[in-house]
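The chain contents come next:
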Amino acid sequence: MEQFFVNEPLNFIEEVTGLQIGDSSSRLRVRSWDTRSPVVDLIVERLPQTLWVVGLSYVVGIFVALPIGILSAYKQYSWFDQIGTFVSMVGFSVPTFFTGLVAIIFFSVMLSWLPSIYDTTHEVTGLGSFWVQMKQIAMPVLVLAFYNAAQLSRFMRSSMLENLNLDYVRTARAKGLRERAVIFLHILRNSLIPVVTMIALGVPTIFSGAIITEQIFRVNGLGQLLIIAIQGADIPLVQTLTFLFAILIVLFNLIADLLYAALDPRIKFT
Amino acid sequence: MKSPLTRFGWVAVASTVLVVAGCGPSEGTGSDGSAQQEGDKTLKILYWQAPSTLNPYLSGGTKDIDAASLVLEPLAQYNERAEMLPLLAEEIPTLKNGGIAEDLRSITWKLKPGIEFSDGTPLTAEHVEFTGNYCLNPQMGCNSAASFEHVEGFEVGEDSLTITVKFSEPKGFPYGPFVGSTAPILNKYQFENCTGLRAQECSEQNFAPIGTGPFTVANFRAKDVITYRRNENFRHEGKPFFDRVIFKGGGEAASAARAVLETGEFDYAWNLQIEPEILAQMERAGKGRVRAGFGSQVERLIVNLTNDDPALKDERSLYKGGENAHPFLSDHSVRKALSIAIDRNVLVEAGYGLAGKPSCNLIPAPSYYASEANESCKVQQIDEANRILDEAGWLMGEDGVRVKNGVRLSILYQTSTNSVRQGTQALIKQMWQRIGVETELRNVDGAVFFGSDPASPDTFQKCFADIQMYTNNFVGTDPGAYVAGWTCKEIPGPDNQWVGTNDSRACDPEYDAKVPIMQQEANREERIRLAKELNDYVVQDYWEIPLIHRATTSAIANSVQGPTVNPWDAELWNIADWIRTE
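These figures come from a predicted structure and were not determined experimentally.

Thresholds, definitions, all that
Residues numbered from 1 in each chain as written. Chains lettered and ligands numbered in written order. Predicted model: local features only at pLDDT ≥ 70, side-chain atom pairs only at ≥ 80, totals over all residues. Heavy atoms only, no water. Helix = DSSP H or I, 4+ residues; strand = E, 2+ residues; numbered from the N terminus. Buried < 20%, exposed > 50% of the residue type's maximum accessible area, 1.4 Å probe, protein only. Contact = heavy atoms within 4.5 Å. Lys, Arg positive; Asp, Glu negative; His and termini not counted. Charge placed at Lys NZ, Arg CZ, Asp CG, Glu CD. Core = buried A, V, L, I, M, F, W, Y, C linked by side-chain atoms within 4.5 Å. Disulfide = S-S within 2.5 Å. Salt bridge = Lys/Arg side-chain N within 4 Å of Asp/Glu carboxyl O. Domains from an automatic or database assignment. Buried area = accessible area lost by both parts, 1.4 Å probe. Polar contact = N/O pair within 3.5 Å; in protein donor to acceptor, adjacent residues only side chain to side chain. Nonpolar A, V, L, I, M, F, W, Y, C, P; charged D, E, K, R; others polar. Patch = residues over 30% accessible without salt bridge, like charges linked within 9 Å, V, L, I, M, F, W, Y side chains within 5 Å. Areas by Shrake-Rupley, 256 points an atom, 1.4 Å probe, with all protein chains shown as cover. Phe/Tyr/Trp six-rings, centres within 6.5 Å; stacked < 30°, edge-to-face > 60°. Lys NZ or Arg CZ within 6 Å of the ring centre and 35° of its normal.

(A) Fine view of the overall build of chain B. When helices and strands are counted, chain B shows 15 helices and 21 strands. Seen along its three principal axes, the alpha-carbon backbone of chain B occupies a region of about 95 × 85 × 40 Å. Of all 582 residues assigned to chain B, the portion counted as buried reaches 55%. Taking the contacts inside chain B whose residues are at least 6 apart along the sequence as the reference set, 67% of them involve residues at least 24 apart. Here chain B contributes 54 positive and 78 negative side-chain charges, whose respective centroids are spaced 5 Å apart.

And the structure:
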């Protein structure tokens, strides 16, 4: 227990920040049964690629989804909305192992523009290597962002629709506010509340990685680590990872609740 | 009306386009831009299982042993023809050159002088002795313990370059310790504090062992990727021909094959268990070639010589001396007819492609062990099979099934669930139909069939069928232990909790007597002759009917020369000789 709740968090902080806290070398450590090395080292080694790929795809997904959701709600049943609905339905229902494979066959095999295998040892040192990094994360990010964006844009759209016909919108328009002000200051702000919660609740999934996508593109991140740990019955590793995910989920639930209060003036801490 | 939102809509579209454009075509660099930047001096290897350690004594995984073989070297290794070559040793000790003692209880190796580890420490017999004791330490749970079986101790010579391994009993084949990639030499100074229970904890050492091999570990990421640099202290001037090796793990076999054969991102992909037609299609892209390594794996039919009638209940498939014999498979002519009625070439074409070839032997390799006496089985002989059955009194019944004294030639044929095996079953059923044999097919989930639960009726050891099919092989290059598998005491039964390898329940004292003779024979030629004789004994009496000699396949980029898919040692055994030619 002490290992789990005191030693390992300390090790984790040490590994990430590089600080030395107390006598760290003689501390008992949780070791993987497969590699026989401390579990925390494995996790820290894999965090960067997971954050790069899954995190970026999440950000990209948000930036794509919000405008699409807003526009397709505002212009409900227009061609844009129809296409947007169709595309997000496709993105929502086609699994990533299929889109990933299609992307590999198209971009790597047929066009040979992009690498199909992620190089975790690649270091960004300048513009050239940054470009290489961009190219190697392009496909996994695209595939995951497609999936995330599909989900979020549907959510954004329905949330906007709910607000569009409410009385306060009519009042705002009646006051003679510019359409832009009505949309962005009034409707968007109100309809973002549930969306922001969704986004915040989704953040822990960034850390847990995208198991399938990581496997297909060989981005050996946390998701891939978890799956091979499960396959190999590497119990300490599975325990640590799931424990970490649990903490993150609790934490981001809390953050989502706090954000709620900040965004919605009707909610107050008492 | 042009609302402000339209502009916003364009922003949305534009940002989407931007994201897509970000992964659009690049000007001139091409997808292998990174590989080109690093130059042709980098070799990229892809294993779809990722290594978890570089200490082969702590892992039985092929991935780990292969990855370690770039760094750690044994005294002698096997090439792709299973010939033993001295590596760190001067020569292979034999009885003739005095390296093996007359009583077969010790073997003496001489190290090549002047070899250094990658950190500059000279290689001496102390390191070899240390490695042996490291593995023999009962507390460490050594994975290569089989290589060190019957080892009593070690003795270092006065010149520090000779080491004698002592055995507790005479060994006809004493080439276990320090031979092959499972038992390489560790650096004593590095692992001194990592013996016994501490072995597991030394991750720093286990992840970056110091060896004498062509490469050194630059960076090890467990279960992900290993980067190697060339060993500047390597004993061969100018070798290896690559400055850097990237050994990537993870994913699955099909995409690994694609990365070599279709996109050309990697130079070597290991163990491609994929349907032959998919592999052939990928190979047509022209970027790489597929090569097969034929080890000792043989897919065979096991003929049950005991009666498996369900009505027998507890005595089903139970060997009871000569009693309880199978109603028709105990007839030699039936077994022979079944064997020669099979067209093995068709089976290979349909299910194996490059990864298999017809086999008439149960010891098909190493080539010097393979008998030439049974080659006739490679041609299907339906007419001959029919003639044999007619002659033996099995006459064709009205329903197209042969009968003799009321016994119909009706076979229950079982194997594990696997698409290739079910395809083979269907083909063989058709072939047997042509000689008047009726076949009922059955398949059992692999986990159950090969799981050795003594309570389950569906295991291959129980053999509650007339014929069953699976693949078996022997470990290493020597079939000494394998031939003992067909002796009487290996018959599975309730007395031994159904553990045993003699599933056909054949028992022949003449065969049994020959096995120990072969096992204690140290003369190579004589040993080979005896192995062939034992193989022929089983094959020609049709206890087991060999079908297909199976291989593992790997993909190699066309620009790389040197790899041989070696089934007898680490696949990357000769990586120091690999070279990029384009």
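What follows continues from the structure just given.
(B) Summary view of the nonpolar core. All names here are of chain B. Ranked by size, the top nonpolar core spans 99 residues in total, and within it Ile45, Tyr57, Leu75, Trp109, Tyr175 and Tyr228 carry the most contacts. Ranked by the residues each element gives to this core, the list is headed by helix α7 (residues 253–261), at six residues. If near-sequence neighbours (up to four positions away) are discounted, isoleucine 45 is found in contact with Val245, Ile246, Phe247, Lys248, Phe266, Tyr268, Leu572 and Ile575. Among the nonpolar cores identified, the runner-up in size contains 54 residues, and Leu409, Ala531, Leu547 and Ile548 belong to it.

(C) Seen up close, the state of the cysteines. Residue and element names in this part refer to chain B. A full pass over the atoms with the stated rule returns four disulfides over all chains. Here cysteine 135 connects covalently by a disulfide to cysteine 142, the sulfurs 1.9 Å from one another. Judged by the sign of its S-S torsion, about -90°, the cystine formed by cysteine 135 and cysteine 142 is left-handed. Cysteine 142 carries the same exposure label as cysteine 135, and that label is buried.

(D) Quick peek at the pattern of salt bridges. Residues and elements named next belong to chain B. If you walk through the whole model with that rule in mind, you get 32 salt bridges over all chains. Across the pair glutamate 80 and arginine 81 runs a salt bridge, and its minimum N-O distance is 3.2 Å. In this structure arginine 81 comes out as partly exposed when scored by relative accessible area, which is 45%. Across the salt bridge formed by arginine 402 and aspartate 390, the nearest N and O atoms sit 2.6 Å from each other.

(E) Expanded view of unusual backbone geometry. Residues and elements named next belong to chain B. Geometrically, the link from lysine 239 to proline 240 is a cis peptide bond, its omega value of -5° lying close to zero. Take proline 240: it is sitting in the loop between β8 (225–230) and β9 (244–249). A cis amide bond links alanine 365 to the next residue, proline 366, at an omega of -5°. For proline 366, the location among the structural elements is in the loop between β12 (356–358) and α11 (382–391).

(F) Up close: the side chain of B:Asp308. Residues and elements named next belong to chain B. Position of aspartate 308 among the secondary structure elements: in the loop between β11 (288–303) and α9 (332–340). The side chain of aspartate 308 is buried and forms no salt bridge, while arginine 316, the nearest opposite charge, is found at 4.6 Å. Non-local contacts of aspartate 308, meaning those with residues more than four positions away in its chain, are made with Arg316, Ser317, His326, Cys463, Phe464, Ala465 and Asp466.

(G) Looking closely at the domain arrangement of chain B. Residue and element names in this part refer to chain B. What the domain assignment lists for chain B is domain 1 (5–250) and domain 2 (294–552). Distance between the C-alpha centres of domain 1 and domain 2: 38 Å. Opposite the seven residues of domain 1 that make contact, domain 2 presents nine residues. With both chains or domains summed, domain 1 and domain 2 bury close to 680 Å², and 64% of this area falls on carbon and sulfur atoms. Three residues, Ala82, Gly172 and Phe173, lead the burial of domain 1 against domain 2; their summed loss comes to 56% of the area buried on that side. Applying the counting rule to domain 1 against domain 2 returns zero salt bridges. Taken together, the links from domain 1 to domain 2 amount to two residue pairs in polar contact (both at pLDDT 80 or more). For the side of domain 1 that touches domain 2, a count of residues per class yields five nonpolar, one polar and one charged.

(H) Seen up close, a nonpolar patch on the surface. Residues and elements named next belong to chain A. Residues Trp79, Ile83, Phe86, Val87 and Phe146 make up a contiguous nonpolar surface patch of roughly 560 Å² in combined accessible area. Considering every element that reaches the nonpolar patch, the biggest residue donor is helix α3 (residues 79–93), with four residues. Among the secondary structure elements, isoleucine 83 is positioned in helix α3.

(I) Fine view of the packing of aromatic side chains. All names here are of chain B. This model, assessed by the stated rule, comprises 30 aromatic pairs over all chains. Ring geometry for phenylalanine 154 and phenylalanine 178: centres 5.8 Å apart, planes at 50°, overall tilted. Linking phenylalanine 154 in strand β5 (residues 151–156) with phenylalanine 178 in the loop between β6 (162–167) and α5 (188–191), this pair joins segments that are 24 residues apart in sequence. Here the two residues phenylalanine 154 and phenylalanine 178 agree in accessibility, since each one is buried. Here phenylalanine 464 and tryptophan 498 contribute two aromatic rings whose centre-to-centre distance is 6.5 Å and whose plane-to-plane angle is 90°, an arrangement assigned as edge-to-face. Of this pair, phenylalanine 464 sits in the loop between α13 (446–449) and β18 (467–472) while tryptophan 498 sits in the loop between β18 and α14 (509–519), and the two are 34 residues apart along the sequence. Just as phenylalanine 464 is buried, tryptophan 498 falls in that class too. Positioned over the ring face of tryptophan 498 is lysine 462, at 4.9 Å from the centre of the ring.

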